[in-house]
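Chain and residue survey
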Amino acid sequence: MIDSLLTRKIEKRPDKVRFSGRILFLTEDPELIKRQLAGEDLPWDTKNPANNPKLRDDISTDEITPAHYCFYFDETLGEIPYLGLKCGNVLPIGRSDVKKGGFVAAVSGKRRGKGSSREQSPYAEMCAGIRVVIAENIERIYKQNCQNLGLLTSTNFSLIDQIRAGDEIPLAEFTAGEDEITRQVIEYGGLFPFNVARMQKKVFLPAIKTEKRPMTLAEKIFARHMTDDKSVQPGDTGFARADLRFSHEYVTPMAAIFFERYVGKDAKVNDASSILFFRDHLTFLDEVISEEKKKLGLLDLATQLKLKQQDFATKQGIKLHGELKDRKGSEGICHSIVLESYALPGQLNIGSDSHTPHVGAIGCVAFGIGTTDVFNSWITKDVRVKVPESVKIMVRGRKHPNVTAKDFILKILSLDYVRSGKALAKVMEYAGEAIEALSVDERATMTNMAAEIGGFTGIVAPDRKAVDFLVERRGMKRDQAEKMIEGLCSDPGAQYTHVIELDAAEITPMVATPGDPGNGKYIRDLNTPVPVELAYGGTCTAGKNEDMDMYAAVLADALKHGKRVADSVKFYIQFGSQETRDYCIRKGYLDVFQKAGAHVIEPSCGACINAGPGVTTRPEQVVISAQNRNFPGRSGPGQMYLASPLTVAASAVAGYIVEYEPSADRELVGA
């Protein structure tokens, strides 16, 4: 494998680029988009931006490439871009519209590419003819995926006039402000050609020369994996050795095809023992996929994803956590299993999913990567990193009994600092008495949803609770676990780009209203009762042991008072892993769930990606969910409110969105 790459011819792209084609402005007004698709070029005043129509902000990768269409892993994706883009209540872009329109650039507003790490999104744009993406700011994983594929990105709106004029634009316009390695990735046209040049010693890798300094926890872990235990600081660039690399059936097949195409069909991955595959996303797809999508062959394509991953795992000798043999379902969601069985404090883990930071709950740096990064890591066993800045989020004081980690994170997501994109690509370090009081399962909710913040990762310093977790859940010896966490804390004097301080006592149960996880509101501030038709508890964020404790507590309380799930509501509870299912059996929760009228589902990502029971089927349908995202169309066409496991279960019983009040509290209030 190495020999073939060492002799391969590799060249940089020209130092000037010219774009021949139209510009598609993704505006809030669907009619303006339709007019562009019909052939009209929208006027755009780059000198007086206030004169222009409002651009769509927060365009998620779910909108660029809706989940079901990610079953394609070839150039067919060029027919798909922006199929899920919602402007008001309108989906203005149809299949192949972008490709037929001759567009070479796409322009949007803030936080472009938020959400899932799916590289199918920029790949679909490229296959449709898009060569450059312009936005006010761009989410980290999406931007890195663009760079890895060779799709150019910019936040410079003055380029619009140059593109329209057909001017030659210096490539330096797209590398300005980037670190040395990223600049070269762009110059070589993508990560793989850059890595080949790297093996051939044609590229410049800057040495890290940071003087000894106080470091944050994340910086310490980066230093261990990028240097010989020297210091690092934000902005330092290099390649970080990965302790664990994992991917799931949404990404593995495309990465495997890239690997076989660019490296060789008989090539072997580097250290198969530190790679994991998961079949966790599409296990229940057949139960919810529409007849229309079946006719398009999408269910058959989803089966091909599974088979391709299985074949590649067998050929390479890679451990695959797959489907159950005796019943429908999977061994577990990747993040759940990695936290329960693999990740260790102080490690650096990478995964093909934006929620990879989940395992930061035990003090490791873990972050999501795209397909090209995945297949390149199979060659090099490392990943390109620019050491990020850190934000410290202090949650002080003591929380109310009906408030959970999910309420904390929904509150954080509603802050202007996060909503404006200032937290993008930064480490979220959670601390304070209220965080220290959380279990590892609850901390995982916080680190998991660093993805919704748009952060690089989320992390909590490992402490006695992390040690207890490793001892009780892994069977590790206590002295071994205690030694593992030594020194894994931020130094006094460590520098943070921003500090957010919250008082836990001021936070009451929250929901995120439909459309975005940042639409946080206190439940008591909802103006009118919100009836719900569906309630869903599960996914990596809310399918853990302690989440099950919460569903069971609410439902047991309801049964005690002669109540159960409301007749008007279907309540689904889905385990994150078989270990969590076994835990529920030991605790007697399955009996509680059944008696209360909840439907129990084996592990899978399921409804969270529109691929299992709990998805909506009508636009007016209201669902309250403990999952992590409620982007338009992500879990069906309905109206999704995000909430904590306690709130979801209480609302399922009440039939409308309500705060959970433990019966003891209600009795005290009544007295």
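Definitions and cut-offs
- Every residue gets a number counted from 1 within its own chain, in the order that chain's sequence is written.
- Side-chain atom pairs in this predicted model are given and counted only at pLDDT of 80 or more, local residue features only at pLDDT of at least 70, and totals for whole chains, interfaces and linings cover all residues.
- As a rule here, side-chain values come from all non-hydrogen atoms in the structure, and water together with hydrogens is ignored.
- Helix and strand labels come from DSSP, where a helix needs a run of H or I of at least four residues and a strand needs a run of E of at least two; each type is numbered from the N terminus.
- Our radius of gyration is a C-alpha quantity, and the globule rule it is checked against amounts to 2.2 Å times the number of residues to the power 0.38.
- The cut-offs for exposure are 20% and 50% of the maximum accessible area for each residue type, with area from a 1.4 Å probe on protein chains only; residues under the lower value are buried, those over the upper are exposed, and the others partly exposed.
- The contact rule is simple, with two residues in contact once any of their heavy atoms fall within 4.5 Å.
- Using the Shrake-Rupley algorithm and a 1.4 Å probe, accessible areas are obtained, with residue cover drawn only from the displayed protein chains.
- Only when DSSP finds a minimum of two bridges between them are two strands counted as paired.
- Axis lines are fitted through C-alpha atoms, for helices just across the contact stretch, and the angle between N-to-C directions can take any value from 0 to 180 degrees.
- To define a nonpolar core, start from buried Ala, Val, Leu, Ile, Met, Phe, Trp, Tyr and Cys residues and group those joined through side-chain atoms within 4.5 Å.
- We call two directions roughly parallel when the angle between them is under 35 degrees, roughly antiparallel when it is over 145, roughly perpendicular when it lies between 65 and 115, and oblique otherwise.
- In a left-handed crossing the near helix is turned counterclockwise from the far helix by less than a right angle, and in a right-handed crossing that turn is clockwise.
- Charged means Asp, Glu, Lys or Arg here, nonpolar means Ala, Val, Leu, Ile, Met, Phe, Trp, Tyr, Cys or Pro, and polar covers whatever is left, Gly included.
- Cavities and pockets were defined on a 1 Å grid built from protein atoms only: a cavity is a group of points that admits a 1.4 Å probe but offers it no way out, a pocket is an open group of points flanked by protein on both sides within 12 Å along at least five of seven lines, and a lining residue is one with an atom within 4 Å of any such point.
- Grid points are joined across faces, edges and corners, and a volume is the space filled by probe spheres set on the points.
- pLDDT expresses, on a scale from 0 to 100, how confident the predictor is about each individual residue.
- Distance and chemistry together define a polar contact, namely a pair of N or O atoms within 3.5 Å, with one atom able to donate a hydrogen and the other to accept it when in protein, and with adjacent residues in sequence counting only for side-chain atoms on both sides.

Focus: the overall build of the protein chain
Helix and strand content of the protein chain: 29 helices and 24 strands. The globule rule puts the C-alpha radius of gyration for 671 residues at 26 Å, and the 24 Å found for the protein chain is close to it. If one aligns the C-alpha atoms of the protein chain with their principal axes, the spans along those axes are about 75 × 60 × 50 Å. Looking at the protein chain as a whole, 62% of its 671 residues are labelled buried. Counting only contacts in the protein chain whose residues sit at least 6 apart along the sequence, the fraction spanning at least 24 positions is 75%. Total accessible area on the protein chain is roughly 24,600 Å²; 49% of this is exposed by carbon and sulfur atoms.

Focus on the sheet that holds strand 14 (residues 390–396)
Pairing is parallel in the open sheet, where four strands are placed in the order 16-15-14-17. Both outer strands of the open sheet, strand 16 (457–460) and strand 17 (498–503), are each paired with one neighbouring strand and no more. On average, each strand axis in the sheet is inclined to that of its neighbour by 20 degrees, with strand direction left out of account. Two elements, strand 14 and strand 17, share six bridges in a ladder whose sense is parallel. Counterpart to Val391 in the pairing with strand 17 is His498. Packed on one face of the sheet, helix 20 (residues 440–448) meets strand 15 (427–431) and strand 16 and runs near 150 degrees to strand 16.

A closer look at the sheet that holds strand 11 (residues 348–351)
Overall, parallel pairing links the five strands, which are arranged 10-9-8-11-12 in an open sheet. In this open sheet, the two strands that pair with only one neighbour each are strand 10 (319–321) and strand 12 (365–368). Shown here is a sheet whose adjacent strand axes are inclined to one another by a mean of 20 degrees, direction ignored. In the sheet, strand 8 (residues 244–248) pairs with strand 11 via three bridges, with the strands oriented parallel. Directly across from Arg245, in strand 11, lies its bridge partner Ile350. Of the strands in this sheet, strand 8, strand 9 (275–278) and strand 10 touch helix 14 (residues 298–316), which is tilted by about 155 degrees from strand 9.

Quick notes on the side chain of Asp547
With respect to the helices, strands and loops of the structure, Asp547 is situated in helix 25 (residues 545–560). With residues up to four places along the chain from it excluded, the contact list for Asp547 reads Glu442, Thr541, Ala542 and Pro645.

Here's the deal with the nonpolar core
The biggest cluster of nonpolar side chains holds 78 residues, and the ones touching the most others in it are Phe222, Phe259, Leu282, Leu348, Phe367, Phe375 and Trp378. In terms of residue count, helix 11 (residues 217–226) provides more of this core than any other element does, six residues in total. In this view, Leu348 contacts Phe222, His225, Ala240, Arg241, Ala242, Asp243, Leu244, Val365, Phe367 and Val383; residues no more than four positions away in its chain are not counted.

Quick look at the packing of helix 5 (residues 120–127) against helix 6 (residues 140–149)
For the pair helix 5 and helix 6, the least separation of the axes is 9 Å and the interaxial angle reads 45 degrees. Considering the angle they form, helix 5 stands oblique to helix 6. Every pair of crossing elements has a handedness; the one defined by helix 5 and helix 6 is right-handed. Residues Pro122, Tyr123, Glu125 and Met126 of helix 5 form the contact with helix 6, whose own contacting residues are Tyr142, Asn145, Cys146 and Leu149. The residue inventory of the contact of helix 5 with helix 6, partitioned by class, reads six nonpolar, one polar and one charged.

Description of empty space enclosed by the protein
Counted under the stated rule, the structure contains five cavities of 30 Å³ or more. Counted as a void, the largest cavity has a volume near 230 Å³. Empty space within the second largest cavity amounts to approximately 140 Å³. In terms of lining, the second largest cavity is formed by 17 residues, of which the most central are Gly115, Glu139, Ile141, Ala451 and Gly455. Its residues assigned to classes, the lining of the second largest cavity shows five nonpolar, eight polar and four charged.

Considering the confidence of the model for the protein chain
Averaged over every residue, the pLDDT of the protein chain is 95; residues scoring 70 or more account for 99%. Per-residue pLDDT stays below 50 along residues 667–671; that stretch engages in one contact with residues further than four places along the chain or on separate chains.

Side note on unusual backbone geometry
With a phi angle near 70 degrees, Ser96 is a residue other than glycine that sits in the positive phi range. When you line up the elements, Ser96 lands in the loop between helix 3 (61–64) and helix 4 (97–100). Note on Ser96: relative accessible area 14%, which makes it buried. Residue Asp271 is not a glycine yet carries a positive backbone phi of 60 degrees. Within the secondary structure layout, Asp271 lies in the loop between helix 12 (252–262) and strand 9. Judged by its relative accessible area of 26%, Asp271 is partly exposed.

Considering helix 12
Across the 11 residues of helix 12, eight count as buried, placing the element largely inside the fold. Along helix 12, the positions that sit buried rather than exposed are Thr252, Pro253, Met254, Ala255, Ala256, Phe258, Phe259 and Glu260. Close packing links the buried residues of helix 12 with helix 5, helix 6, strand 8, strand 9, helix 14 and helix 16 (371–380). Two residues or fewer past helix 12, Gly264 is found with a positive phi of approximately 145 degrees.

Section: helix 22 (residues 464–474)
Residues of helix 22 that are buried include every one of Ala466, Val467, Asp468, Phe469 and Leu470, and no others. In the core, the buried residues of helix 22 are packed alongside helix 15 (334–342), helix 20 and helix 23 (478–484). Its side-chain oxygen placed 3.0 Å from the backbone nitrogen of Lys465, Asp463 serves as the N-cap of helix 22. A positive backbone phi angle near 75 degrees is found at Gly475, which sits one or two residues after helix 22.

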